[in-house]
Each structure stands twice: as C-alpha cells, then as structure tokens.
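Reading the structure
Here is how the chains run, residue by residue.
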Amino acid sequence: MKTIKWSLVACLLVTCILLTTCSESNNVKLARTNVVQSFDFGEVQLLPGLMYDEFMEIKDYFMGLSNDDMLYRSRLEAGEANPPGKEIGGWYELLYNGLTLNQWISSYCRMYAITGDKACKEKAEYLLDEWWEYYVRIGRKGGSDKWIITFLDMYNCCGRKDALDKLSMYVNQADSEVFVGLAKIDPPYIPKVVGDTLNGIRNFGDNSTEWYISSWPLYLAYMQTGNVAYKDFANYWEYTEWWDLFATQPVKPFAKTPVSGMFSEWVHAYSHINSFNAAAEAYRVKGDAYYLNAMKNLYDWMQDSQTFATGGFGPEYEHIMPMDRIVQTLTTRTDHFETQCGTWAALMLSQNLITLTGEAKYGNWIERLAYNAINATIPMTPEINVMYYSNYNMNGATKLNRPVAATCCAGTRPLTVIQYHINTYYHDNDNIYVNLFTPSSVNWNRGKSTVRLTQNTNFPYVDDTEFNISLKKSEQFGIGVRIPEWLAAPVMTAQVNGRIVEGITENGWFIIDRQWNDGDKLSITIPMDFRLSVLDQSEGSPTAVMYGPLVMAFSSPDSSLSTLRDKEWWSYEGMLPENPDQHMLDRIDLRDIKNQARPTGDKLEFELSRGCMLKPFMNYKKGELYYMYLDR
C-alpha cells in the first residue's frame, strides 16, 4: 500500500475534524481549533493483525457488490423499463436512490484514500455519476444529510471538483423535510419557511425523521465551501432542546418527556448521540463553550449510566433509558445495541472530544467498541445481511445477522471499520499520540521533516507493544501512549533500545519525550488482568467479566443449544425461556475468577469446570450460545 499525496487536504472532511487547513483556504476562520489533530487516511496504514484483517474483509466484500444492483432502484425510478442488475430488496427499497448507497460511495472514496487502489475510486465515481444522472432526471425527489458527506468525500478523497457543484444543486433541489430550498432562501427567512414546510414540527426527540443530525453535515459543508447559507441553515437545525440537558452539571437527561416518534417515551440512542457531533462543529465555528461542555458531560453520563461493558448502549428498540429499564432488558430482550450505527456515532463523538480537548480518556470508548462491537461482528452474508443488534441476554445469547437486506447498519458497517485508520494515532506540534494498540504505521510530517512510526504487537492477546522510529536526522519529540482505563498495575513501563526510561503523565497520555534517532525501538508494557464490570452500580449487579479491554463471555458446554431457534431470535423478544446452564453459572465465583479460570494457551481462552469456557466475546462465532452478564 502506498501513501497518497494530495494537492487538496486529503480527505479533510471525512474525518469530520481536520478542518483548519481547508477552512483557511476558503477564508473561513474558525473560532476554535483542535488541541490535537487526526492524521489523514493516507498517512496511516494498518499492518496484518485483527484490525487490518477486518478492514480487508470489508473492503473485499463491498468491492464485490454489483454496481448494477446498487443502481437498479434508481434506474427503475428514472423510467428505465428493464435496467440491468436486480433489486437488492430489504431496506434498500425504502428510498428510490437506495438507503445506503451514499454511505457505500463514501466508503469507496475513503478506501481509495487509504490504499491508493484505483478500482475503489473508479467504483465510487461510476456510482455517483450514474446516480446523479438519474437523480437530475427525476428532480426534486428525496433528500438525505448523508449525501452531503458523500459529495464532500468525493471532492476531498477523489479530487472531483464538480462534487461541490453537485452538492449545491442537490441541496437546492431536494424536496425533503430536511433540505428545503437552502440555496434559494435568504437566511432571515429560513426558520419560517422550514417551519411551514414541516407543519411546524420541530419536536424535542422527534426521531421519526432524525432532523436533528442535519446540522452536522451542513456545518461541514460551510467549512469546506465558505457558503454562509450552509452555516445559517446548520445553526437553525441545532438540537439545543436536547443539548441543554447536558450543558451544565448536574445533567438532567430525563427532564423532558420527548415526542420520540418511535415506540417509547425515551429518545432514540444512535441519533441522539450523533447529534452531539453537530455540537462539535458548532463549537469550532462559533467558539461557545456551551457546546463543548454539553459534549463532555454527555460522554461522562453515558459511561456512568448508559453503556454496557462492551461500550454498547441503547437497548429495547434503540433507546436511552433509566438504568432500571436497561437492566430489565437483559432478561426480556435480545436487542441491546444497534451495533454498527451506534458505534459510528460513539466513535465520532470520542474522536471529536480527543481532538478538541487533547485528553486521552475519550479513547477508552473507541477501544472498547473496537474490540467488543466492530471486531465482535460476524461476517456479512452475500444478501447484505449485517449484525444489526448485539445480544447480551442473561438467559443465553447468540450472534446473528439481521435477516433483511441493506439495513442502515449495512451502511455504517464499512465506515466504522475504516475509522481504525483515523482513531489509531493523533498528534500536535510536539508529540505523536498512540490511541489504539494495533499493528500499523504512520507518517508524521513535522515541518520539513517526516517521522515514521511503525507499531508491532499482538495486542490484545499480549500486554505489550513496540514502536520502531524512522527519521532522516535526530529529533526531539514525545511519543504519548494512552493510559487505558483497564490498566492492571499502577503504571505503564517503557524501554528504549532495551533500557528502561521514565515518562511523564499528561492529559491521560504516558509520554516519553527525548531525542530520537533513526532505528530507535520503544517498547511499552501495558499490564492486563481480569476485572469485573458492574452495570448498575447502585444495585451491585449484573456483572460482566473483562480482561483488559475485552469483554469475556461464558460458553455453554451443550453444543446442541448453539443453533437453537435461529430465526426466532429476531422477534426482539425471542430468547430461551430460561437459562439452561444456570446451575453451572451459579457455581462460578466472579470474585475469584482468576483462580477458577485455567488458561488453554489459545487467544485468552480459559476453561472452567464441567466443560464451560470463558473467552473474549469478539471470538464467538455465529450461532454460538454465550453468557455475558451474570445476575450478581
């Protein structure tokens, strides 16, 4: 794989935070700039390991999708009697242009930026050009905030200058409740016109339309183009009714009764977390501390009272709820986390917080989701079925793909995997920061010099990682490593070329600052061990077992249960009527799990009595029965 040099800022907007250079080139002065920066996609390469293998699996899968199948619905709607290809079906039919087509095109653009594979670029351009022809032919039909991101990806990753013109035309033509004549509306009149078009509906928690995530891509479009109309429209769609509840301490997340637009009185989890990514862009544009405070308080509240051990959240039809209701779902439901979409929202929020604050703690959520959500997903089927929900039911759970094609999670699935390239490293002028421990390399351009850092590790199956430093001449800088929330010893330890060195702790990073020479090797030990994760702290239960960042799960010794009632799991309340292994699980002393679990020597797998295994949740395959939470 090669590193791509761009005349434009490479994939600036697709990371949603690397906006300074682009903004300056368009005379957009940001009120707040990032404390630390992400790297561009082409500057980071994954090397063979868990994350690399998953990325390549996803790349091969989506490159194998038929262009004609993806365009079939658009061509049919545009009046072609017998278009080539076939109907994908499922959720893809809900919109004439394909529910997930925009996200897939964005994924191809980003894959090209990462790998330099021209086939990815050609596929992205062909799909967008063909879709655009049919879209223009139909005219004024449909609109989606995701297409804004697609046009920006096409411009930044593939160098297509006409993409911004298409963006303007698209927003101007869209006849949806989100984008109503944007380019034609004088800003002072936007609220009245939009309000009339929506019949006055701008309700708190109205997630039947998810209008409240529209502000995010509109701010990105403004920062890319300098078009003030985008900024004014983004400002109108800000979700302050929700953000207000987190802007000050103590937070009051249930202070209002929302008109949720779904199936309960609680707010929709994925989209309401994702709305805070709009707050991040508003903070960069306007500089008001209100936005950053709301994001930080939301993050802390989610970790304290909403997330499972995996980092997942939003059970029971994807809702944010009080803790007693969340615990109840562990015995009444199988839909505990909208895995792909929920992960995407949390990754972006955490990434925004890292860059805006420089604090390492926000990388902990990224890591938990990397192993216990993204990497814990089973492979997609040829029918474009994806693992939509993660199941944590205490009577026994299993992993299955949702038996309907091309759901929303099939759109976010490749985007979450691609994020490995953005979430692994960060930098400022003086330090390079390591957030994820995975085989990879990064090129850090420091003024007129370039530092290449190559990470070699078998983490999370070992508790150390090594970095090789390549540079043309000796340089002074710091290498900061995130101090993880699961650290089993008081400190991390470091060696340079085999000699122990001291580091300093700053903003949650363990930083080794020294004069580095070409060929230096930095070794970091990050002690891991068993620990317990209690969901409801006030009750002291239920409890999951973790090893480092990995959620562990107990297996059933009865393999005949593994394929039991596969299709019935997808009734959302479909589950085993009682725990078939309750007696076995009752004998396990969680407080003494380290002494009870005997290592088998294979990928952190442990054997307990009577054939029960304890192994990482991410290593369970389709249909295997597991127990993640125990009711104590």
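Up top is the structure.
Anyway, here's the lowdown on the structure attached to this text. (Residues numbered from 1 in each chain as written. Predicted model: local features only at pLDDT ≥ 70, side-chain atom pairs only at ≥ 80, totals over all residues. Heavy atoms only, no water.)

**Here we look at the overall build of the protein**
Within the protein, the secondary structure is distributed over 20 helices and 23 strands. Within the protein, buried positions represent 63% of all 632 residues. Put simply, of all contacts in the protein between residues at least 6 apart along the chain, 71% involve residues at least 24 apart. On the protein, roughly 23200 Å² of surface is accessible, and the fraction owed to carbon and sulfur atoms is 47%. (Helix = DSSP H or I, 4+ residues; strand = E, 2+ residues; numbered from the N terminus. Buried < 20%, exposed > 50% of the residue type's maximum accessible area, 1.4 Å probe, protein only. Contact = heavy atoms within 4.5 Å. Areas by Shrake-Rupley, 256 points an atom, 1.4 Å probe, with all protein chains shown as cover.)

**Section: the environment of M552**
Inspection of the secondary structure assignment puts M552 in strand β18 (residues 550–555). On the accessibility criterion, M552 (0% relative accessible area) is buried. Each C-alpha atom, one on M552 and one on P616, is 4.3 Å from the other, the two residues being 64 residues apart in sequence. Apart from the residues within four sequence positions on either side, M552 is in contact with V545, M546, Y547, L604, F606, L614, K615, P616, F617 and M628.

**Considerations on the side chain of R110**
With respect to the element layout, R110 can be found in helix α4 (residues 101–115). R110 sits in the buried class, given a relative accessible area of 2%. A polar atom in the side chain of R110 sits 2.9 Å from the side chain of D153. (Polar contact = N/O pair within 3.5 Å; in protein donor to acceptor, adjacent residues only side chain to side chain.)

**As for the environment of P484**
Mapped onto the fold, P484 is located in the loop between β10 (475–482) and β11 (493–496). The exposure class of P484 is buried, given its relative accessible area of 4%. Sequence separation of P484 and P549 is 65 residues, and the distance between their C-alpha atoms is 8.3 Å. Residue contacts for P484: discarding those within four places in its chain leaves N364, E367, M492 and I526.

**Let's talk about the sheet that holds strand β2 (residues 44–46)**
If you walk across this open sheet you meet the seven strands as β2-β7-β8-β9-β15-β11-β12, and the pairing is antiparallel. Across the chains shown, the open sheet's two edge strands, defined by having one partner strand only, are β2 and β12 (499–501). Neighbour-to-neighbour, the strand axes of the sheet open up by a mean angle of 25 degrees, direction not taken into account. Sheet topology places β2 next to strand β7 (residues 440–446); three bridges connect them, and they run antiparallel. Bridging across to β7, Q45 finds its partner in S441. (Pairing = 2+ DSSP bridges. Axes fitted to C-alpha atoms, helices over the stretch in contact; angles between N-to-C directions.)

**Digging into the packing of aromatic side chains**
Per the stated rule, a full pass over the model turns up 46 aromatic pairs. For the ring pair F313 and F337, a centre distance of 5.3 Å and an interplane angle of 45 degrees mean the geometry is tilted. Remark: F337 occurs in strand β3 (residues 337–338) and F313 occurs in the loop between α13 (289–305) and α14 (323–332); sequence separation between them is 24 residues. By relative accessible area, which is 2% here, F313 ends up buried. According to the relative accessible area criterion, F337 is buried, its value standing at 0%. Put simply, the rings of Y212, Y239, W242, W243, F246, F254, W266, F276, Y290, Y291 and W301 touch in pairs and so form one group of aromatic residues. A cation sits over an aromatic face here: K399 above F617, 4.4 Å from the ring centre. Here the basic side chain of R514 rests over the ring of W516, its NZ or CZ set 5.4 Å away from the ring centre. (Phe/Tyr/Trp six-rings, centres within 6.5 Å; stacked < 30°, edge-to-face > 60°. Lys NZ or Arg CZ within 6 Å of the ring centre and 35° of its normal.)

**Description of the packing of helix α6 (residues 145–158) against helix α9 (residues 215–225)**
The N-to-C vectors of α6 and α9 enclose an angle of 30 degrees; their axes lie 8 Å apart at closest approach. Here α6 is positioned roughly parallel relative to α9, judged by the angle of their axes. Note on packing geometry: the crossing formed by α6 with α9 is left-handed. Contacts between α6 and α9 involve D145, I148, I149, L152, Y155 and N156 on the former and, on the latter, W216, P217, L218, L220, A221 and Q224. Along the lines of polarity and charge, the residues of the contact of α6 with α9 split into nine nonpolar, two polar and one charged. (Parallel < 35°, antiparallel > 145°, perpendicular 65-115°, else oblique. Left-handed = near helix turned anticlockwise from the far one by under 90°. Nonpolar A, V, L, I, M, F, W, Y, C, P; charged D, E, K, R; others polar.)

**Brief notes about the nonpolar core**
In this structure, W104, W131, W243, L522, I524, F554 and Y629 are the most contacted members of the largest nonpolar core, which totals 203 residues. Apart from residues lying up to four places away in sequence, W243 is in contact with E238, S275, F276, A278, A279, Y290, Y291 and A294. (Core = buried A, V, L, I, M, F, W, Y, C linked by side-chain atoms within 4.5 Å.)

**Notes on the packing of helix α2 (residues 50–63) against α4**
With their axes 11 Å apart at the nearest point, α2 and α4 run at an angle of 125 degrees to one another. The angle between α2 and α4 falls in the class oblique. Like other packed secondary-structure pairs, α2 and α4 cross with a definite hand, here left-handed. On α4, the residues that touch F55, I58, K59, F62 and M63 of α2 are W104, Y108, M111, I114 and T115. Grouping the constituent residues of the contact of α2 with α4 by class yields eight nonpolar, one polar and one charged.

**Digging into α2**
Here α2 contains 14 residues, and its C-alpha end-to-end distance of 20 Å stays within 8% of the 20 Å for a straight helix at 1.5 Å per residue. For α2, the complete set of buried residues consists of M51, E54, F55, M56, I58, K59, Y61 and F62. (Expected span 1.5 Å × (residues − 1).)

**A few points about the pairing of β10**
Across the eight residues of β10, seven count as buried, placing the element largely inside the fold. Two strands pair when backbone bridges link them, and strand β6 (residues 431–434) and β10 are joined in this way by four bridges, in the parallel orientation. Paired with I432 across the bridge in β10 is I479. Relative to strand β14 (residues 509–516), β10 runs antiparallel, the two being bridged by eight bridges. Each bridged residue has a counterpart across the sheet, and for V481 the counterpart in β14 is F510.

**A short note on the pattern of salt bridges**
Inspection of every chain in the model, using the stated rule, returns 26 salt bridges. In this structure, R75 and D68 form a salt bridge, with 2.8 Å as the shortest nitrogen-oxygen distance. The salt bridge involving E125 is made with K121; its shortest N-O contact spans 3.0 Å. Note that E125 and K121 are positioned in helix α5 (residues 118–138) at a spacing of four residues, about one turn of the helix. (Salt bridge = Lys/Arg side-chain N within 4 Å of Asp/Glu carboxyl O.)

**Examining unusual backbone geometry**
Geometrically, the link from F459 to P460 is a cis peptide bond, its omega value of 10 degrees lying close to zero. Tracing the backbone shows P460 in the loop between β8 (449–456) and β9 (464–470). At the junction of S541 and P542, the peptide bond is cis and its omega measures out at -10 degrees in the coordinates. When you line up the elements, P542 lands in strand β17 (residues 541–547). Even without being a glycine, E318 presents a positive backbone phi close to 70 degrees. Here E318 is to be found in the loop between α13 and α14.

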